[in-house]
Amino acid sequence: MVGGGQLARMTHEAGIPLGIRFKLLSDTRQDSAAQVVSDVVVGDYRDLETLRAFAQGCDVITFDHEHVPAEHLRALEADGVVIRPGVEALLHAQDKGVMRERLRTAGVSCPRHRIVADPADVERFAEEGDGFPVVLKTVRGGYDGKGVWVVGDAEEAAEPFRAGVPVLAEEKVDFARELAANVVRSPHGQAVAYPVVESIQVNGVCDTVIAPAPGLGEELSGQAQEMALKIAAELGVVGHLAVELFETRDGRLLVNELAMRPHNSGHWTQDGAVTSQFANHVRAVLDLPLGDPRPRATWTVMTNVLGGDFPDMYAAYLHCMARDPALKIHMYGKDVKPGRKVGHVNTYGDDLADVRERGRHAADYLRGTITE
């Protein structure tokens, strides 16, 4: 696996029961996954020769991020290395402009958009629609709200262009909430779909995921799952695909983002599904039969734990575990920094309000926001 973050850490954990030997290309020995994987290569994923040396002896290469240069991945494929989800598929997660155009030609509904050249072009884009505000995104490299701006006029639109990379303009969608449809697809075309979830963002960062999405009707839920499965097939995705969606106030679904790897919106599956997203990603990239994606409980809630001013989160275990013996805590081994994702908690049960409160309390106590 290329990338040493928490997604690699949890994917490695899912492969242990299957006896999968896991090799990691990590930036440092201190990265989340590098702390728990025995076979670690420290190197730069942006260097082709480093990637070639790492690939020696690997049956398949997969990723915990989308940032490996496409030309390097094509070179590895030409060397005979098996890349999954596949270079051409991965390009649509790397480049928002490419993704938007491909989905448009495939008949998948997205926000109105186009590549813009400068602030004046952003103003023209706004005038073609409902005016400002407009959402601007760098086509590459953005995540967790980074590389995304909501601008109210042409003057505010200057900032995104300073990075020197193409900028995508999108209409600001008047949405009721954000949803995510997670699916997994294997090389021979078997695919499974998890229940559609509601994803609640705070300051551009995922805070809470509720599975299944409350009040989502069967018809719209089915549409979201079918849309995700269609995208996976159209793009030739092998492995896990997360399709982030807007549910509009008039009852439509629009695709916001794609991620071709395990995803924050699927972390609930570790404790809330028969087979987790991580286990099914491992099965898919190794072309094994996929596992059952059905939920184990009526409701499962994933609450992210963000760093605050309280660095010793582990001291909070005594309180959290004693208060809620059913609580599932997943920490990533990261240094605590304000606003940084350092872990998550999963709670589950039959009463959604209770499940949400338990998750919120544990996440806030671990962060140090509350002390009782």
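Above this text sits the structure in question.
A brief look at the structure comes next. These figures come from a predicted structure and were not determined experimentally.

1. Here we look at the overall build of the protein chain
And then number 1: A count of helical and extended segments in the protein chain gives 11 helices and 15 strands.
And then number 2: For 372 residues, the compact-globule estimate of 2.2 N^0.38 gives 21 Å, and the C-alpha radius of gyration of the protein chain, at 20 Å, lies within 12% of that figure.
And then number 3: When the backbone C-alpha atoms are referred to their principal axes, the protein chain occupies close to 55 × 50 × 40 Å.
And then number 4: Residues counted as buried form 55% of the 372 residues belonging to the protein chain.
And then number 5: Carbon together with sulfur atoms contributes 49% to the accessible area of the protein chain, which is approximately 16,300 Å² in total.

2. A few points about the nonpolar core
Note that soluble globular proteins tend to have their nonpolar side chains buried in a common cluster.
And then number 1: Ranked by size, the top nonpolar core spans 43 residues in total, and within it Val2, Ile231, Leu241, Val255, Leu258 and Met260 carry the most contacts.
And then number 2: Of all the secondary-structure elements, those providing two or more residues to this core are helix 2 (48–55), helix 3 (70–78), helix 4 (87–94), helix 5 (96–105), strand 7 (175–185), helix 7 (218–235), strand 11 (239–248) and strand 12 (253–259).
And then number 3: Top element by residues in this core is helix 7. It accounts for 7 residues.
And then number 4: Excluding residues that lie within four positions of it along the chain, Val255 makes contacts with Arg100, Leu103, Val108, Ser109, Cys110, Pro111, Met227, Ile231, Val243, Glu244 and Leu245.

3. What about the pattern of salt bridges?
And then number 1: Applying the stated criterion across every chain, the model contains 25 salt bridges.
And then number 2: For Arg252, the salt bridge goes to Asp250, with nearest N and O atoms at 3.2 Å.
And then number 3: On the basis of relative accessibility, which here comes to 43%, the residue Arg252 falls in the partly exposed class.
And then number 4: For Asp250, a relative accessible area of 55% gives the class exposed.
And then number 5: When the shortest N-O distance is used, the salt bridge between Asp364 and Arg360 registers 3.2 Å.

Rules used throughout
- Residues numbered from 1 in each chain as written.
- Predicted model: local features only at pLDDT ≥ 70, side-chain atom pairs only at ≥ 80, totals over all residues.
- Heavy atoms only, no water.
- Helix = DSSP H or I, 4+ residues; strand = E, 2+ residues; numbered from the N terminus.
- Rg over C-alpha atoms; globule rule 2.2 N^0.38 Å.
- Buried < 20%, exposed > 50% of the residue type's maximum accessible area, 1.4 Å probe, protein only.
- Areas by Shrake-Rupley, 256 points an atom, 1.4 Å probe, with all protein chains shown as cover.
- Core = buried A, V, L, I, M, F, W, Y, C linked by side-chain atoms within 4.5 Å.
- Contact = heavy atoms within 4.5 Å.
- Salt bridge = Lys/Arg side-chain N within 4 Å of Asp/Glu carboxyl O.

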